[in-house]
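Report on the structure
So you can see what is in the structure, the chains are spelled out below.
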Amino acid sequence: VEEIATIAPLVVLGDAPLLRGIFGVNCAAPETRPSCLTDEKDTIPDGALLAEETWAARGVRHISVRELFCSNGLCDTYIPGTDILGLVDYGHLTTAGSLYLAPFLSCALEGLGLVDAAVASDDGECLGSVT
């Protein structure tokens, strides 16, 4: 890790929410959506917090995205405030989920000084942050 960090800035992208306990439930169907809501604290993959602490101790920057799929303490397979599926297979991003994250990631990278504001958003201003 230390060798890589001397060549280029290293940034670790955190996990999307791991929606355990919904195996066998089709979360893409509107009628089953309520069955897929998961308490935010239960969506953290095993070992994720230790990994984040380890990266931080080594000076590696980390961008968390888990909370971007949660609202009012609950995480969902849908992008918050929409009926657009953002997660599938218990924590993998859909194309829409990736596109939803893009401006947040741009702003986070801008906040870390790795891209400038003109690249991070259309108007040069980042309104959201995941750092």
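One can find the structure itself at the top, above this paragraph.
Residues numbered from 1 in each chain as written. Predicted model: local features only at pLDDT ≥ 70, side-chain atom pairs only at ≥ 80, totals over all residues. Heavy atoms only, no water.

1. Things to note about the overall build of the chain
- Within the chain, the secondary structure is distributed over 5 helices and 7 strands.
- When the elements of the chain are put in sequence order from the N terminus, they spell out α-β-α-β-α-β-β-β-β-β-α-α.
- Looking at the 131 residues of the chain, the share that counts as buried comes to 29%.
- Here the contacts in the chain between residues at least 6 apart in sequence split such that 59% fall between residues at least 24 apart.
- Summed over its atoms, the accessible surface of the chain is roughly 7,700 Å², and 57% of this surface lies on carbon and sulfur atoms. (Helix = DSSP H or I, 4+ residues; strand = E, 2+ residues; numbered from the N terminus. Buried < 20%, exposed > 50% of the residue type's maximum accessible area, 1.4 Å probe, protein only. Contact = heavy atoms within 4.5 Å. Areas by Shrake-Rupley, 256 points an atom, 1.4 Å probe, with all protein chains shown as cover.)

2. Topic: the environment of Thr38
- With respect to the secondary-structure elements, Thr38 resides in strand β2 (residues 38–39).
- Among the residues examined, Thr38 registers a relative accessible area of 7% and is labelled buried.
- A sequence separation of 35 residues divides Thr38 from Gly73, and the C-alpha atoms of the two residues are 8.5 Å apart.

3. So, helix α4 (residues 95–111)
- Taking 1.5 Å as the rise per residue, α4 with 17 residues should run 24 Å; its terminal C-alpha atoms sit 24 Å apart, in good agreement.
- In the structure, α4 departs most strongly from a straight axis at Ala102, where the bend amounts to approximately 35 degrees and where the proline Pro103 lies between one and four residues downstream.
- When we look at burial in α4, the residues that qualify are Gly97, Tyr100, Leu101, Cys107 and Ala108.
- Of the residues flanking the end of α4, it is Gly113, one or two places downstream, whose phi is positive at about 80 degrees. (Expected span 1.5 Å × (residues − 1). Bend = angle between axes of the 7 residues up to and from the residue.)

4. Some remarks on the packing of aromatic side chains
- Taken as a whole, this structure holds 2 aromatic pairs when the rule is applied.
- Ring plane angle 65 degrees and centroid distance 5.4 Å describe the contact between Phe69 and Tyr100, whose orientation is recorded as edge-to-face. Here Tyr100 lies in helix α4 and Phe69 lies in the loop between β3 (61–63) and β4 (70–71), a separation of 31 residues in the sequence. Tyr100 shares its class with Phe69; the two are buried.
- Feature note: the residues Phe69, Tyr100 and Phe104 constitute an aromatic cluster, connected by ring pairs.
- Above the plane of the ring of Tyr78 lies Arg33, whose end atom (NZ or CZ) is 4.0 Å from the centre. (Phe/Tyr/Trp six-rings, centres within 6.5 Å; stacked < 30°, edge-to-face > 60°. Lys NZ or Arg CZ within 6 Å of the ring centre and 35° of its normal.)

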